[in-house]
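Close look at the chain arrangement
Single-letter residue listing:
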Amino acid sequence: MGKILDIKNKALENNVPIMQDEGINFICDYIKNNNVHKVLEIGSAVGYSAINFASVDDSVEVTTIERDINRYNEAVKNINDVGLNERITIINGDALETNIDGKYDLIFIDAAKSQYIKFFNKYKENLNSDGVIISDNLSFHGIVDDISLTHNRNTRQLVGKIKKYIDFLENNDEFDTTFYKLGDGVSVSKFKK
Ligand code: SAH
Ligand code: MG
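This section reports on the structure supplied with the text. (Residues numbered from 1 in each chain as written. Chains lettered and ligands numbered in written order. Predicted model: local features only at pLDDT ≥ 70, side-chain atom pairs only at ≥ 80, totals over all residues. Heavy atoms only, no water.)

Examining the coordination of the magnesium ion (ligand 2)
Only Asp-110 (OD), Asp-136 (OD) and Asn-137 (OD1) from the protein coordinate the magnesium ion (ligand 2), and they sit 2.0 to 2.2 Å from it. The class for Asp-136 is buried, based on a relative accessible area of 3%. (Donors = N, O, S within 2.8 Å, 3.2 Å for Na, K, Ca; no water. Buried < 20%, exposed > 50% of the residue type's maximum accessible area, 1.4 Å probe, protein only.)

As structure tokens, this is what we get:
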């Protein structure tokens, strides 16, 4: 669809960190193959991933949260342009201060990397018993596996936070997590059986 491609190209031109194709395809396939109807996304940016998820099937409804007002406004415009405003609900706010009702089949965490553990612990309350929490950017451009790729202090700190999140997932009593080296590194967490 041309409009979605336009949204993608504009985001890339403006350095908006949208999800890579591999990651998007992975989640869209997951939605298709696992009867996912309700998606909650933390970090909408300009609505690109939410629009992709809602385009998988007419039965998919997405709720997505974005704290940056400019990105939120652009996302609202993009969602209206593609005619998905009835199936995508976008909220402007900090996801750590927003309360969402109801249960979701898939929760996608793609916001501030330093807060992933907090997002996870807060939003697991909104997960259906057979739902999944998917997280993006766990390899952070390969730097998580090879810290020598950066000498930037802030980036190193961020990578430390991502490692803590991976550790949190690996040692979680409630969830089993599978890690995938696709896109920028994706994990899928499910309640232990
Ligand atoms: N999922 C989008 C990309 C999201 S980029 C896509 O693939 O198309 C990450 C976004 O998360 C940024 O726009 C940033 O403003 C937002 N964000 C970061 N921390 C947040 C928070 N605590 N609450 C809500 N949004 C947040
Ligand atoms: Mg991301």
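Here we look at helix 1 (residues 2-13)
Taking 1.5 Å as the rise per residue, helix 1 with 12 residues should run 16 Å; its terminal C-alpha atoms sit 16 Å apart, in good agreement. Turning to helix 1, the residues buried within the fold contact helix 2 (21-33), helix 3 (48-54) and helix 4 (69-81). (Helix = DSSP H or I, 4+ residues; strand = E, 2+ residues; numbered from the N terminus. Expected span 1.5 Å × (residues − 1). Contact = heavy atoms within 4.5 Å.)

Considerations on the packing of aromatic side chains
If you walk through the whole model with that rule in mind, you get nine aromatic pairs. Taking the centre distance of 4.8 Å and the plane angle of 50° together, the rings of Phe-26 and Tyr-180 count as tilted. Taken together, the positions of Phe-26 in helix 2 and Tyr-180 in strand 6 (residues 175-180) put the pair 154 residues apart, joining distant regions of the chain. Relative accessible area serves as the criterion here: at 18%, Phe-26 is assigned to the buried category. A relative accessible area of 32% means that Tyr-180 is categorised as partly exposed. (Phe/Tyr/Trp six-rings, centres within 6.5 Å; stacked < 30°, edge-to-face > 60°.)

Concerning the sheet that holds strand 3 (residues 88-92)
Across the sheet, which stays open at both edges, the seven strands sit in the order 3-2-1-4-5-7-6 with mixed pairing between neighbours. Taken across any chain shown, the strands that pair with only one partner, and hence form the sheet edges, are strand 3 and strand 6. Adjacent strand axes in the sheet meet at a mean angle of 15° when their direction is disregarded. Note that strand 5 (residues 127-136) and strand 7 (residues 186-191) share five bridges and pair antiparallel. Along strand 7, the bridge assignment pairs Ser-135 with Ser-187. Packed onto the sheet, helix 2 meets strand 1 (38-42), strand 4 (104-109), strand 5, strand 6 and strand 7 and runs at close to 175° relative to strand 4. Contacts from helix 4 reach strand 2 (61-66) and strand 3 within the one sheet, and its direction differs from that of strand 3 by about 165°. (Pairing = 2+ DSSP bridges. Axes fitted to C-alpha atoms, helices over the stretch in contact; angles between N-to-C directions.)

A closer look at the site of ligand 1
If you check the shell around ligand 1, you find 22 residues, and the closest are Met-19, Glu-66, Arg-71, Ala-95 and Asp-110. Glu-41 is positioned such that a nitrogen or oxygen atom in its side chain is 3.4 Å from a nitrogen atom of ligand 1. With respect to ligand 1, the backbone of Gly-43 contributes an N or O atom lying 2.9 Å from a nitrogen atom. Split by residue class, the shell around ligand 1 holds 10 nonpolar, five polar and seven charged. (Near = heavy atom within 4 Å. Polar contact = N/O pair within 3.5 Å; in protein donor to acceptor, adjacent residues only side chain to side chain. Nonpolar A, V, L, I, M, F, W, Y, C, P; charged D, E, K, R; others polar.)

Quick look at the pairing of strand 3
For strand 2 and strand 3, the ladder comprises five bridges, and the chain directions are parallel. Paired with Glu-66 across the bridge in strand 3 is Asn-92. With respect to chirality, the unit in which strand 2 leads through helix 4 into the neighbouring parallel strand 3 is right-handed. (Right-handed = clockwise from strand over helix to strand, strands pointing away.)

Considering the pattern of salt bridges
Applying the stated criterion across every chain, the model contains nine salt bridges. Where Asp-110 meets Lys-113, a salt bridge forms, and the shortest distance between an N and an O atom there is 3.6 Å. As far as burial versus exposure is concerned, Asp-110 and Lys-113 are alike and both buried. The shortest N-O distance in the salt bridge between Lys-124 and Glu-174 comes to 2.9 Å. Of this pair, Lys-124 sits in the loop between helix 5 (116-123) and strand 5 while Glu-174 sits in the loop between helix 6 (153-170) and strand 6, placing them 50 residues apart in sequence. Glu-174 gets classed as partly exposed once you look at its relative accessible area, which sits at 34%. (Salt bridge = Lys/Arg side-chain N within 4 Å of Asp/Glu carboxyl O.)

Brief notes about the packing of helix 5 against helix 6
Here helix 5 crosses helix 6 at 35°, and the two axes come no closer than 9 Å. Along the contact surface, helix 5 presents Tyr-116, Ile-117, Phe-120 and Asn-121, while helix 6 presents Lys-164, Tyr-165, Phe-168 and Leu-169. For the contact of helix 5 with helix 6, the per-class residue count stands at six nonpolar, one polar and one charged.

Focus: helix 5
Within the sequence span of helix 5, burial applies to Tyr-116, Phe-119, Phe-120 and Tyr-123. Along helix 5, the residues classed as buried sweep out an arc of 100° about the axis, all on the same side. (Arc of directions from axis to C-beta.)

Geometry only, nothing functional implied.
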